[in-house]
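# Remarks on the overall topology
The primary structure of each chain is shown beneath.
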There are 2 protein chains.
Amino acid sequence: MSEAKRQLHLNAFLFGTGHHEASWRLPDAQPEKNLDFNHLLRIVQTAERGLLDSVFLADGYVGRSNKLEPFTELSALASRTKHIGLIATVGTTYNEPFHVARKFASLDHISKGRAGWNIVTGAGSAAHNFGLEEHPEHSLRYEDADEFVEVTKQLWDSWEDDAVLNDKASGKLYDQDKIHKIDYEGQYYKVQGPLNIARPPQGYPVLVQAGSSESGKEFAAKVAEVIFTAHQSIESAQLFYHDVKSRLAKYGRTHDELKILPGISPILAETEAEAKEIEDQLFEFIDKDEAVRRLSERLGVDLSARSLDAPLTLEGLRSTDEVNGNKSRHQLILDLIRDEQLSLKQLINRLGGARGHFTFTGTPIQLADKIEEWFTHGAADGFNVMPQVYPSGLDIFVNRVVPELQNRGLFRTAYEGNTLRDRLGLKRPENARRWAKALQ
Amino acid sequence: MSEAKRQLHLNAFLFGTGHHEASWRLPDAQPEKNLDFNHLLRIVQTAERGLLDSVFLADGYVGRSNKLEPFTELSALASRTKHIGLIATVGTTYNEPFHVARKFASLDHISKGRAGWNIVTGAGSAAHNFGLEEHPEHSLRYEDADEFVEVTKQLWDSWEDDAVLNDKASGKLYDQDKIHKIDYEGQYYKVQGPLNIARPPQGYPVLVQAGSSESGKEFAAKVAEVIFTAHQSIESAQLFYHDVKSRLAKYGRTHDELKILPGISPILAETEAEAKEIEDQLFEFIDKDEAVRRLSERLGVDLSARSLDAPLTLEGLRSTDEVNGNKSRHQLILDLIRDEQLSLKQLINRLGGARGHFTFTGTPIQLADKIEEWFTHGAADGFNVMPQVYPSGLDIFVNRVVPELQNRGLFRTAYEGNTLRDRLGLKRPENARRWAKALQ
């Protein structure tokens, strides 16, 4: 091949012992190492050895998940890695733009331009951990997020790129005319600025988004540079891909400025039979009562009396409109029930693997085929790789799937450029404020 | 000497190119590396080589200081060091207890028990960066801080030490009866909990405090385990030491449970003459106009027309009662003017070195003498070492002062224990909530 082929982007979604909810019960699993930094580091070093674009941490401010906090974990990882991008989920509803802008700027400086921000409005109500009575309603949270992101961008832009002088002769550390108050005043935020750290190496960290509701898609088309999304079929992924890409034009953006990465949650082994064996073992370890309880909570109906084996019906289930949370995930479950006539047991199995993401059980070559199919048929710019079992699932992905993708000319054979933006083929944003001296 | 001598504690206060405001203009200074993690790392590795208890970062949410943010910087440092404590300043006024408790828990897990929290109420008003009109008044900030710390402690205690089971056989990750809502409801905060991370290795990070006002001292006696404080003379330090230590009993605490570390800001060289030369060079580099402007702002009076060389008078200066900020630092400046009849130039020089901390220019042996004097005469349990020039000032401290202190039997010759609490001789706090199943 003489001309450069379009290149895949791969992100590893870190998740303790694996994305399968029962992965921690496997004989080799080490759940006691979920807070052990050196254990986490080895996983990320594997991803870097595989030349992946980035690793990613989900997050929330409620529950009993017992994970490290993203800024602290990714900063520690930044100092022990050289190339891989580091994407932190940070919610807008329960945070302050000044703190978030600053921590991302700091992470971007520490990592020399490898930070990414997965913007969520706050999946799951954390209101009661922050003195509030109620989780704000879905569309309000997006309005708020829209302002939040605008404020953080202005804060990153409050230092012009050449504001730092360090001029010993004149005694000027900074060109004070190039550090600006932003005097933002919106409906939700009022922030004077400037930020107390220079503009990040990447201008802004890479902006990532994962909501797939109507407001989520519109928000993504406006601000996101990467989307993580969940689809159970190539058709659904193609519809989404086309839908979101065609919204870009109205915001003056091109197709290339937004990378769409569906989740893929594999169980891999050298043979199909071995892979199937791991899958069966994982299913055995699911706590079915707990799974039914959780699904009941999510769907807003008590499923405990329903048959595990008969096809589920939608009767009595909460519609997506009634949900004030992860609307797209909810709709995906309703679609699964309707389209595939799954039994409760089958649904639990499907969701247990990766909470609604596309699960895959098979060999490295089969997975490479699937990835190539989606990538070359308008369904994906790459994938959010969610091994059902960590670290072994990432090991086999890096050792066997990555070389196969490289052989097919679909994936890089060395890291290009220096920053996460370079890996993703995203340009460094100009300072969006046309600062003039008079504005200071 | 046969019996174990009381041991000094030493903390290195990190500060860019040094605590002297003009240090960045020295020929060897590298202010362009203030955001360069590897440069910062080398400094901290020097401190660790010197067996110092800890390093410490100040912080604020306003201004143009262009520093890394403490949680991100210290987490990155945690993964590249093994023994040294990592103390982050985090303000209570503009933060949420849930976020702060969680990030410190995460840093403590990443560092395996080396985190410390310097609790400030927010020096300098950051109100306008957080949508507020005004910086809350001094005593209100301490009331708020008191609640804030109480909530964070309860959040750290929301997981009992043995709550994590990882029991593959039963399928129980956690003992749900040992993870608790805290249902805190006070005047300023309402937080349900539990925290979403297990209790920190140290129980709580080491709690540090730096305010020396009346409310500050009372707050410190109640909650702090280390105090950073500023004194210009051994007499002032002795008074403070005695004052704060004698407040401990009423909170049921012993003398040993609170370590008092005055700041000492040295310029060191092999001979006095060389040290004096560095001092002179630094003074040359101070921007006198800017210094007068800043001092005017701090003292609430325009000093630009006053003589640089005549003794200053207190006339027209704001009294400490009128200050809503760093009251103790303000009083210290007033005392200096009154007691030592300093000229404006002398005052600028004294403050330029270390913003009111005890400055020292001389040889390593002279500094060791001074340290021993304060330590053995009831003025200090150790020192907050603030080199006026980084990294050279820390290099000479570690290479020349530390061995001298070791020779005198005043300082450790190897790290003892594993955690920052072990280094400081502080016990790991028990879970303060007497959790019972019924309380869950």
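A quick note: this is a predicted structure, and the numbers were derived from the prediction, not measured.

### Things to note about the overall build of chain A
Assigned secondary structure in chain A consists of 13 helices and 13 strands. Here the C-alpha atoms of chain A give a radius of gyration of 22 Å, agreeing with the 22 Å that 2.2 N^0.38 yields for 440 residues. Each principal axis of the C-alpha distribution contributes one length, and for chain A these read about 75 × 55 × 45 Å. Burial statistics for chain A: of 440 residues in total, 59% are counted as buried. Considering only contacts in chain A between residues 6 or more positions apart, those separated by 24 or more positions represent 77%.

### Notes on the interface of chain A and chain B
Note: interface size is frequently given as the accessible area lost on complex formation between the parts. Taken residue by residue, the interface counts 70 residues in chain A and 70 residues in chain B. Between chain A and chain B, a total of about 5900 Å² is buried, with carbon and sulfur atoms accounting for 52% of that surface. Area buried by chain A at its contact with chain B is led by Trp 24, Arg 64 and Lys 168 of chain A, which between them contribute 14% of it. There are 8 salt bridges connecting chain A and chain B. Notably, a salt bridge pairs Lys 190 of chain B with Glu 133 of chain A, separated by 2.7 Å at the nearest N-O pair. For the pair chain A and chain B, the interface holds 47 residue pairs in polar contact (both at pLDDT 80 or more). For the side of chain A that touches chain B, the elements supplying multiple residues, two or more each, are helix H2 (70–78), helix H3 (97–110), strand E5 (164–167), strand E6 (172–174) and strand E8 (190–191) of chain A. Examining the composition of the side of chain A that touches chain B, we find that 8 residues originate from one element, H3 of chain A, more than from any other. Partitioned by chemical class, the residues of the side of chain A that touches chain B number 29 nonpolar, 22 polar and 19 charged.

### Brief notes about the UniProt feature "binding site: FMN" (unreviewed entry) in chain A
All names here are of chain A. Following the UniProt record, the feature "binding site: FMN" (unreviewed entry) maps to Asp 59, Thr 89, His 138, Tyr 142, Ser 212 and Ser 213 here. By secondary structure assignment, the location of Thr 89 is in strand E3 (residues 85–91). Residues in contact with Thr 89, not counting those within four places in the same chain, are Phe 56, Leu 57, Ala 58, Asp 59, Pro 70, Asn 118 and Val 120. Position of Ser 212 among the secondary structure elements: in the loop between strand E9 (206–209) and helix H5 (214–223). For Ser 212, a relative accessible area of 17% puts it in the buried group. At a separation of 3.3 Å, a polar atom in the side chain of Ser 212 contacts the side chain of Thr 229.

### Some thoughts on the pairing of strand E2 (residues 54–57) of chain A
All names here are of chain A. Both faces of E2 are covered, namely the face carrying Ser 54 and Phe 56 and the face carrying Val 55 and Leu 57. Sheet topology note: the strand E1 (residues 9–13)/E2 ladder contains 3 bridges and is parallel. Residue pairing across strands places Phe 13 opposite Phe 56, the latter belonging to E2. Note on the crossover from E1 through helix H1 (residues 37–49) to E2: the handedness is right-handed.

### Topic: H3 of chain A
All names here are of chain A. The end-to-end C-alpha separation of H3 is 20 Å, in line with the 20 Å expected for 14 residues at 1.5 Å each. Most of H3 is tucked away, with 14 of its 14 residues classed as buried. Positive phi shows up at Lys 112, right after H3, with a value of about 55 degrees.

### Considerations on the side chain of Ser 265 of chain B
You can see Ser 265 of chain B is positioned in strand E11 (residues 259–268). A distance of 2.7 Å separates a polar atom in the side chain of Ser 265 of chain B from the backbone oxygen of Met 386 of chain B.

Thresholds applied
- Residues numbered from 1 in each chain as written.
- Chains lettered and ligands numbered in written order.
- Predicted model: local features only at pLDDT ≥ 70, side-chain atom pairs only at ≥ 80, totals over all residues.
- Heavy atoms only, no water.
- Helix = DSSP H or I, 4+ residues; strand = E, 2+ residues; numbered from the N terminus.
- Rg over C-alpha atoms; globule rule 2.2 N^0.38 Å.
- Buried < 20%, exposed > 50% of the residue type's maximum accessible area, 1.4 Å probe, protein only.
- Contact = heavy atoms within 4.5 Å.
- Buried area = accessible area lost by both parts, 1.4 Å probe.
- Salt bridge = Lys/Arg side-chain N within 4 Å of Asp/Glu carboxyl O.
- Polar contact = N/O pair within 3.5 Å; in protein donor to acceptor, adjacent residues only side chain to side chain.
- Nonpolar A, V, L, I, M, F, W, Y, C, P; charged D, E, K, R; others polar.
- UniProt positions renumbered as here; feature names shortened; annotations may be inferred.
- Pairing = 2+ DSSP bridges.
- Right-handed = clockwise from strand over helix to strand, strands pointing away.
- Expected span 1.5 Å × (residues − 1).

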